[in-house]
Amino acid sequence: MGIKIFAAIVAIALMIAFLTPVVFKLKDVALGCIILIGIAMMLIDLWQSLQAKEE
């Protein structure tokens, strides 16, 4: 389980680091909202995968 959490943290950090400069450079609020929705979806998927039973 620790590997899943570490991988999720790395994925979220990389996504934020990659997309944040684009949002600040373009100053587009709609793009920022879409990125926030994507991050929220990533967090929900992480939560669901951590709650699922291991096979």
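It should be noted that the structure appears before, not after, this text.
Computed from a predicted structure; not experimentally measured.

A.B. asks: Please explain the overall build of the protein as it appears in this structure.
C.D. replies: Counting its regular elements, the protein contains 2 helices and 0 strands. Radius of gyration (C-alpha) of the protein: 14 Å, far over the 10 Å computed for a compact globule of 55 residues. Within the span of the protein, comprising 55 residues, buried residues form 16% of the whole. Accessible area for the protein stands at about 4700 Å²; split by element, carbon and sulfur atoms hold 77% of it.

A.B. asks: Which parts of the structure should I look at to understand a nonpolar patch on the surface?
C.D. replies: Taken together, M1, I5 and I9 make up a surface patch of nonpolar side chains, about 310 Å² in accessible area. We classify I5 as partly exposed; its relative accessible area is 33%.

A.B. asks: Looking at this structure, how should I read helix α1 (residues 2-26)?
C.D. replies: Given 3.6 residues per turn, any residue in an α-helix points the same way as the ones three and four places further on. Over its 25 residues, α1 extends 37 Å from the first C-alpha to the last, a length consistent with the 36 Å expected when each residue adds 1.5 Å. Bending of α1 peaks at approximately 30° at the position of L19, with proline P21 no more than four residues after it. Of all the positions in α1, only A8, I12 and V23 are classed as buried. Looking at the buried side of α1, the elements it contacts are α2 (29-51). In the segment just after α1, K27 is the residue with positive phi, at about 55°.

The rules behind these values
Residues numbered from 1 in each chain as written. Predicted model: local features only at pLDDT ≥ 70, side-chain atom pairs only at ≥ 80, totals over all residues. Heavy atoms only, no water. Helix = DSSP H or I, 4+ residues; strand = E, 2+ residues; numbered from the N terminus. Rg over C-alpha atoms; globule rule 2.2 N^0.38 Å. Buried < 20%, exposed > 50% of the residue type's maximum accessible area, 1.4 Å probe, protein only. Areas by Shrake-Rupley, 256 points an atom, 1.4 Å probe, with all protein chains shown as cover. Patch = residues over 30% accessible without salt bridge, like charges linked within 9 Å, V, L, I, M, F, W, Y side chains within 5 Å. Salt bridge = Lys/Arg side-chain N within 4 Å of Asp/Glu carboxyl O. Expected span 1.5 Å × (residues − 1). Bend = angle between axes of the 7 residues up to and from the residue. Contact = heavy atoms within 4.5 Å.

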